Amino acid sequence: MLIRRPPDVLSADITDESLYWTRRDWLTSLGLGAVALLPPFRSFPRRSVQDADLKPNTWEEVTGYNNFYEFGTGKEDPKENAGSLRPKPWTIKVEGDVKKPGSYDVDSLFKGLALEERVYRFRCVEAWSMVVPWNGYPLRDLIKRLEPGSKAKYVEFTTLYDPQQMPGQRRDVLEWPYVEGLRMDEAMHPLTLLVTGVYGKTLPNQNGAPVRLITPWKYGFKGVKSIVKIRFVEQQPRNTWNLSAPREYGFYANVNPAVDHPRWSQKTERRLGKLWRQPTLPFNGYAADVASLYAGMDLRANF
Ligand SMILES: Nc1nc2c(c(=O)[nH]1)N[C@H]1C(S)=C(S)[C@@H](COP(=O)(O)O)O[C@H]1N2
Ligand SMILES: [Mo]
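Please read all numbers here as calculations on a predicted model, not as lab measurements.

> Just checking my understanding: could you explain the pattern of salt bridges for this structure?
Within the structure shown, the criterion is met by 14 salt bridges. Where Lys 274 meets Asp 53, a salt bridge forms, and the shortest distance between an N and an O atom there is 2.1 Å. Of this pair, Lys 274 sits in the loop between β11 (268-271) and β12 (278-279) while Asp 53 sits in the loop between α1 (23-29) and α2 (59-64), placing them 221 residues apart in sequence. Relative accessible area serves as the criterion here: at 30%, Lys 274 is assigned to the partly exposed category.

Have a look at this one:
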């Protein structure tokens, strides 16, 4: 499958007049929260917040500021500690309601599929964001190859469990192994990628080598790393962050500035490398492409 237009230059990038930096946001971002103390002035510059800025973050930012609890809970731990992961050779088990189950070498699983580069916004629930040039295979190309059956309503993904390679698994900070899931229509959406590289290079261990999920309209925690199992199931799979803190993390995890995290607002984000916070866009800027998947759903309840 080939997407000819870059997926980021979609209708979502058309300016929405309602989305502008307010003077208050701007001042708050400068640490000048006490707006009331300042004399009023009307010509203060307002910044457009439509997020057309898709200049990729640097290699150092993308590979040096990570979440990967299997290698520690600090943002710099994965880069420091992920050297013990051995991503080659790597076997992925395909299970569940599918015509072609089995144990596949990761390379043979993708052989013959079109590798693509996609520059996507990436937004962590912790309110930082990046723009990342991922290389990967549309998940739907793989799903079509594997031929799921009619009972396959969801796809479940499981990370490697091996405390020898993943020292963070020796501590109970999360339930191991890390698991995630997508509804079948989300998994089949053309924006959804199984990522094997970044910046045209093999995916570094700290980013989830040899293969991880990227669903750009969802919070980063959906992006399960170092996948060893793909299972086609009838029931909604469990997902690690929901198991760990169900009040804070749901199954859907759609980026939603209107629904606060219980401990912080989701209205704005800080793009790594930028000084000012910027408003977060619904569905991370991909609303025109994906909002229809959730028509009729209460996204406050299904967060
Ligand atoms: N197996 C596993 N996958 C994971 C995580 C993790 O701790 N373990 N963290 C998630 C979270 S919270 C985020 S924000 C992204 C971070 O991806 P990055 O480090 O490539 O930016 O990975 C997600 N995938
Ligand atoms: Mo995250």
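There's more to say after this.
> What is the right way to look at the pairing of strand β7 (residues 193-198) in this model?
Most of β7 is tucked away, with six of its six residues classed as buried. Here five bridges tie strand β4 (residues 128-138) to β7, and the two strands are oriented antiparallel to one another. Looking at the pairing, Trp 134 lines up with Val 198 of β7. For β7 and strand β8 (residues 201-202), the ladder comprises two bridges, and the chain directions are antiparallel. The partner of Val 198 across the bridge, within β8, is Lys 201. Where β7 folds back onto β8 in an antiparallel hairpin, the turn is made up of two residues, including Tyr 199, whose phi is positive at roughly 55°.

> I keep staring at the confidence of the model for the chain and nothing clicks. Help me out?
Residues shown with low pLDDT carry predicted positions that ought not to be read at fine detail. The predicted model of the chain has a mean per-residue pLDDT of 88, with 83% of residues at 70 or higher. Long-range and interchain partners of residues 1-30, a stretch whose pLDDT sits below 50, account for 71 contacts in this model, where long-range means more than four residues apart. Across residues 32-49 the pLDDT falls below 50, and counting only partners more than four positions away or on other chains, this stretch makes 27 contacts in the model.

> It is not clear to me how the site of ligand 1 should be interpreted in this structure. Could you clarify?
Of all residues adjacent to ligand 1, which total 17 residues, the nearest are Asn 66, Tyr 69, Glu 70, Gly 223 and Lys 225. Within the side chain of Lys 225, an N or O atom sits 2.7 Å from an oxygen atom of ligand 1. For ligand 1, the accessible surface in isolation is 540 Å², of which the surrounding protein chains cover 98%.

Thresholds, definitions, all that
- Residues numbered from 1 in each chain as written.
- Chains lettered and ligands numbered in written order.
- Predicted model: local features only at pLDDT ≥ 70, side-chain atom pairs only at ≥ 80, totals over all residues.
- Heavy atoms only, no water.
- Salt bridge = Lys/Arg side-chain N within 4 Å of Asp/Glu carboxyl O.
- Helix = DSSP H or I, 4+ residues; strand = E, 2+ residues; numbered from the N terminus.
- Buried < 20%, exposed > 50% of the residue type's maximum accessible area, 1.4 Å probe, protein only.
- Pairing = 2+ DSSP bridges.
- pLDDT = per-residue confidence, 0-100.
- Contact = heavy atoms within 4.5 Å.
- Near = heavy atom within 4 Å.
- Polar contact = N/O pair within 3.5 Å; in protein donor to acceptor, adjacent residues only side chain to side chain.
- Areas by Shrake-Rupley, 256 points an atom, 1.4 Å probe, with all protein chains shown as cover.

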